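# A look at the structure
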Amino acid sequence: MSFELPKLNYVYDALEPTIDARTMEIHHSKHHQAYVDNLNNAIAGTELEGKSIEEIQKIGTDKPAVRNNGGGHYNHSLFWELLTPGGRKAPVGNVKAEIEKIGGFEKFKEDFSNAAKTRFGSGWAWLVKNSDGSLTVTSTPNQDNPLMPVADVQGTPVLGLDVWEHAYYLKYQNKRPDYVAAFFDVINWDKVEELYNK
């Protein structure tokens, strides 16, 4: 069974003014679609065909086309679910409690923002659930993610921010810090909590 582009739970202009409709349309229907198509081509006829996208993250990183496109599909599929129009402005439940343990929400915002702003070139910033339930802020290059054995910090992503230029350049141009700051207005903290509690 091949992978498909996931449908969004909102329309392309729902996240304005934080993320403009044109960026959302291109990012979802063009960039993400290309990752899906290239991933399906890369795994066709291999032992990875029929595996879940999570399994592919853990075992397919020795093949560049699978690593890059599988990561692109997994990361973006998660990213769309982590966005919501007019979301809560702060975490809830267990995630809130764990963020308190790593210095509180303002400290988390600072650390996460720095991970996003200082990731050289293209990549992602992450909040990762560790095996003991604690949380760690990290970042990865390109389309890597913390499920991959090649990641510096491994764990289960519960929040991720795409800092590839295609995610923000039409609206923010070279001002990545402005995009990172605006991201906090559209985080779906209920989804973050759901992912943490899985």
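Keep in mind that this is a model prediction, so the values were computed, not measured.

Relative to strand S2 (residues 135-141), strand S1 (residues 123-129) runs antiparallel, the two being bridged by seven bridges. Residue Lys 129 lies in a different strand from S2, and its bridge partner there is Leu 135.

Take the environment of Lys 58 next. The topology assignment puts Lys 58 in helix H2 (residues 53-59). The exposure class of Lys 58 is partly exposed, given its relative accessible area of 48%. Lys 58 sits 87 residues away from Asn 145 along the chain, and the two C-alpha atoms are 9.8 Å apart. Leave out the neighbours within four places in its chain, and Lys 58 touches Leu 147 and Pro 149.

With that out of the way, let us pick up the sheet that holds strand S3 (residues 156-162). With antiparallel pairing, three strands are arranged side by side in an open sheet as S2-S1-S3. If you trace the sheet from one side to the other, it starts and ends with S2 and S3, each paired once. Neighbour to neighbour, the strand axes of the sheet diverge by 25 degrees on average, direction disregarded. Relative to S3, S1 runs antiparallel, the two sharing six bridges. Among the inter-strand pairings, Leu 127 is bridged to a residue of S3, identified as Leu 159. Contacts between helix H3 (residues 64-81) and the sheet are confined to S1 and S3, with S3 contributing the most and set at about 85 degrees to the helix.

Next up on the list: the packing of aromatic side chains. Scanning all chains against the criterion turns up 14 aromatic pairs. For the ring pair Phe 112 and Phe 183, a centre distance of 6.1 Å and an interplane angle of 15 degrees mean the geometry is stacked. Taken together, the positions of Phe 112 in helix H5 (residues 105-117) and Phe 183 in helix H7 (residues 176-183) put the pair 71 residues apart, joining distant regions of the chain. Accessibility expressed as a relative area gives 0% for Phe 112, which makes it buried. In this structure Phe 183 comes out as buried when scored by relative accessible area, which is 2%. Three or more aromatic residues joined by ring pairs form one cluster here, namely Phe 79, Trp 80, Phe 105, Phe 108, Phe 112, Trp 124, Trp 126, Phe 183, Phe 184 and Trp 189. Its guanidinium or amino end placed over the ring of Phe 184, Lys 109 lies 5.1 Å from that ring's centre, counting from NZ or CZ. One Lys or Arg, Lys 171, reaches over the ring of Tyr 172 and ends 5.6 Å from the middle of that ring.

So, about unusual backbone geometry. Pro 17 follows Glu 16 through a cis peptide bond whose omega is 5 degrees. Within the secondary structure, Pro 17 sits in the segment before helix H1 (21-43). For Asn 142, which is not a glycine, the phi torsion comes out positive at approximately 55 degrees. Here Asn 142 lies in the loop between S2 and S3.

About the criteria used
Residues numbered from 1 in each chain as written. Predicted model: local features only at pLDDT ≥ 70, side-chain atom pairs only at ≥ 80, totals over all residues. Heavy atoms only, no water. Pairing = 2+ DSSP bridges. Helix = DSSP H or I, 4+ residues; strand = E, 2+ residues; numbered from the N terminus. Buried < 20%, exposed > 50% of the residue type's maximum accessible area, 1.4 Å probe, protein only. Contact = heavy atoms within 4.5 Å. Axes fitted to C-alpha atoms, helices over the stretch in contact; angles between N-to-C directions. Phe/Tyr/Trp six-rings, centres within 6.5 Å; stacked < 30°, edge-to-face > 60°. Lys NZ or Arg CZ within 6 Å of the ring centre and 35° of its normal.

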